[in-house]
Amino acid sequence: MKRRLYANLQRKIIFVTLLVSFIPLIFLSVTIYYQFAQMFKGKIEEQISYRARVQSNSIELFLKERTAILLAMADAYTFDYLSDKNNLEKIFRIMNNRVGGFIDLGLIDSSGKHVTYIGPYKLLNVNYYSEPWFHEVESKGVYVSDVFMGYRRVPHFIIALQRQETNKSWILRATIDSDVFETLVRTAQVGKTGDAFIVNKAGFYQTRMRFGNEILSKSNLNPTIFGEGTTVQEKMNAEGRKILYAGRWLKNNNWLLVISQDATEEMTRLFKTKQMEIIIVTAGCLMIIFTTIFTTRMTIRRLENSDRKMNELNAQLVHSDKLAALGKMAAGVAHEINNPLAVIAEKTGWMEDLLTEEEFQNSQNLGEYKKSLHKIEEHVERARKVIHGMLGFARRMEPHLEDVDINKVINETISFLESYARTNNISIIYDSNPDLPIIASDHSQIQQVFLNLLTNAVDAIGKDGTINISSKRHDLEISVIVKDNGQGIPKEYQSRIFEPFFTTKKSGKGTGLGLSVSYNIVRNMGGTITLESEEGKGTIFTVKLPVVVPEKK
Amino acid sequence: MVNTKAEDTEIVGAKSNNKHNRIRLLLVDDEKDFVNVIAKRLSKRNFEVTKAFSGPEALRAIRKTDFDIAIIDLKMEEMDGIEVLKILSKMVPELPVIVLTGHGSEAASEEAMQYGAIEYLAKPCDFEELFNRIKEICVKTGGVTNV
């Protein structure tokens, strides 16, 4: 019952302490993680969009440079001049020397016919009139195409411009080396899985991706989700990985430069942080749990101890109160009974006196009378002894101080019982302890204590046994241990053994006062008397007396 | 019946117990039955016993008679035995007094001794012991031999 109370209290304290420690800790760690993740994600997005911005600038510059040199050539030379293959080749060489990245260069007349061509493909005299780009150039003057297959059946894109001479118009057209262009685009690739590519408005790839796609195949990326400037989007790919896409429109919003980044890869650092945080929080939690349990247990144990001490103290107080009350009552009763006992005893004596007179001598029942009177006297004596014991118990006087040698007292006490013990084959063993000091105490009271203990021990043994007495000196007290191998005291009696009138001896054999008188004597001297007993094995009484140094006379 | 009451009206005079054949004893106790039976038993043993059932009665008897010895109880209703002892120790300091009481304790015994009691006996007391004590005391104090 008591144990459960403490266990409950302990559980409650631990629960509440853990609750108030864990809630803020977990809340704090989650918030910190969330904030950190947000910041980290922001940083990655910023990084990727920055790369998109820078890369788009360089691509724009790439296209502008090439357009510009083509424009310069068209401005500088006439159709006739350019239609000479040697001249065109020279110009093609100059262009490649200056800026590079051209695959071929061609001159086309207004009817769409490829008049002159410098390059690896057999495209001379091909007519472009029906090609979509031809009309774009005619309407816009300068045109950078999307990637297309064209006559050469190889994906490529062109820069073309139209020039007007007095009577005719012509087109100068250059094809950009897609390897060079792709290499440029791909410089924005980062990490193990990062990619950079271009799609057109309709979502067709304009450059090859790092892994896989065919150029001009349809991308599963919807370009319309990317707005003006640089937009960052998050999408799951087929493998379920989170991919970040930064898109920026180029070339008058015809091309979309996309820089992709596997968020999971970038987030590894975040995951590491998360792991670290989890480890730290878990370690913290474990420490809190450990500390809480440890300190709570300690507190509860202390509480339990002090409660127990208090209860013991209370029990002792109640016990002393009980003894004091019983003592007073016993004294009162003893006094009240002594007078009638005295009258009974004297009346009996008077009757005996009378029986000696002659008139009774001849009575037939003289013997019976005498016997009866003798019995009355015997029982008065028995009652007197009980009352005497009660008075002894009730006596509340200060011990009379004299020099007491405990060894001597014990040996003397043993000598009282020696012959009785010998006839019952009980050996009483005590080796005088030379360490014991002479103390100021009451010789006869101490003797009464030991006599009571030894008498009890002898009675507990009955026949055949040993009583061991040992004594020890501690700093401030002397302890005397009386140990018998008698029948022992049942557990349920042990707490009542010092109560007055408590006895397990047969009626008439003991008054039940010996131990309570001893208890009171020892208590009054400032000592203690305790017992340990096991049924069937024996009993150990320990008497502790304070060492009171006698005054020097 | 045995005559238990000392009827004489002798004036208290100089102590000379030798003059009397019998020891004159004053027995003071408020327990009447006790006083009566002790008086009877002592009378049978040739004592001259005067009974008093209270302190004042005892003092009155002492004024009348020159006693050889007195036996006094301590707890009495009208006047406490110790009070009686105090007065006796002034009135007749040479009178040996035995305290015989049921309210025995060492403290009471010490107090009684302090106020002049010569012996302290606890009730119930063996009659033979009481008798012997009285004899001893009388022999010691008064040279009485004929008991």
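Use the structure listed above.
Notes on the structure in this doc start here. (Residues numbered from 1 in each chain as written. Chains lettered and ligands numbered in written order. Predicted model: local features only at pLDDT ≥ 70, side-chain atom pairs only at ≥ 80, totals over all residues.)

1. Things to note about the overall build of chain A
Rule in force here: Strands here are runs of E lasting at least two residues and helices are runs of H or I lasting at least four, both read from the DSSP assignment and numbered beginning at the N terminus. Whether two residues are in contact depends on their C-beta atoms, placed from the backbone: they are in contact if these lie within 7 Å.
In terms of regular secondary structure, chain A is built from 13 helices and 16 strands. Restricting to contacts in chain A with at least 6 residues of sequence separation, those with at least 24 account for 62%.

2. A few points about the nonpolar core
All names here are of chain A. The criterion, for reference: In plain words, the nonpolar core is the set of buried Ala, Val, Leu, Ile, Met, Phe, Trp, Tyr and Cys residues that C-beta atoms within 7 Å link up. Three exposure classes are used, all based on how many other C-beta atoms lie within 10 Å of a residue's own C-beta (placed from the backbone): buried at 20 or more, exposed at 12 or fewer, and partly exposed between those limits.
Ranked by internal contacts, the top residues of the largest apolar core, which has 57 residues, are Leu70, Leu172, Phe197, Leu244, Leu257, Val258 and Ile259. Top element by residues in this core is helix H1 (residues 2-76). It accounts for 8 residues. Beyond its immediate chain neighbours, meaning those up to four positions away, Ile259 contacts Ile48, Arg51, Ala52, Gln55, Ala188, Ala196 and Ala246.

3. A few points about the packing of helix H11 (residues 443-461) of chain A against helix H13 (residues 514-524) of chain A
All names here are of chain A. Test applied: Throughout, an axis means a line fitted to C-alpha atoms (over the contacting stretch in the case of helices), and angles, computed between N-to-C directions, take values from 0 to 180 degrees. In this scheme the crossing of two helices becomes right-handed for a clockwise turn of the near helix relative to the far one and left-handed for an anticlockwise turn of less than a right angle. In the scheme used here, Gly and all other residues not listed as nonpolar or charged are polar, with Ala, Val, Leu, Ile, Met, Phe, Trp, Tyr, Cys and Pro taken as nonpolar and Asp, Glu, Lys and Arg as charged.
Contact pair H11 / H13: the axes reach a minimum separation of 9 Å and the direction vectors enclose 145 degrees. Crossing of H11 over H13 shows left-handed handedness. Contacts between H11 and H13 involve Gln445, Gln448, Val449, Asn452, Leu453, Thr455 and Asn456 from the first element and Gly514, Leu515, Val517, Ser518, Ile521 and Val522 from the second. Here the contact of H11 with H13 is composed, by residue class, of 6 nonpolar, 7 polar and no charged.

4. Comments concerning the interface of chain A and chain B
Listed by partner, the interface residues are 17 residues for chain A and 17 residues for chain B. Sorting the residues of the side of chain A that touches chain B by element identifies helix H7 (268-355) and helix H9 (366-394) of chain A as the ones contributing at least two each. Among the elements that line the side of chain A that touches chain B, the one with the most residues is H7(A), at 12 residues. Along the lines of polarity and charge, the residues of the side of chain A that touches chain B split into 8 nonpolar, 4 polar and 5 charged.

5. Quick notes on helix H2 (residues 55-64) of chain B
Residue and element names in this part refer to chain B. Applied cut-off: This arc corresponds to the set of directions leading from the helix axis out to the C-beta atoms.
All of the buried residues in H2 are Gly55, Ala58 and Ile62. For H2, the buried positions fall inside an angular range of 60 degrees around the axis, keeping them on one side. Exposed and facing more than 90 degrees away from the buried side of H2 are Arg60 and Arg63. Those residues of H2 that are buried are in contact with strand S1 (23-28), strand S2 (47-52) and helix H3 (81-91).

6. Some remarks on unusual backbone geometry
Between Lys123(B) and Pro124(B) the backbone carries a cis peptide bond, its omega angle lying at -10 degrees. The topology assignment puts Pro124(B) in the loop between strand S5 (117-122) and helix H5 (127-142). Even without being glycine, Asp464(A) reaches a positive phi, approximately 55 degrees. Here Asp464(A) lies in the loop between H11 and strand S13 (465-473). Judged by the 10 C-beta atoms lying within 10 Å of it, Asp464(A) is exposed. The backbone of Asn46(B) sits at a positive phi, close to 70 degrees, despite the residue not being glycine. Turning to its location among the elements, Asn46(B) is positioned in the loop between helix H1 (32-44) and S2.

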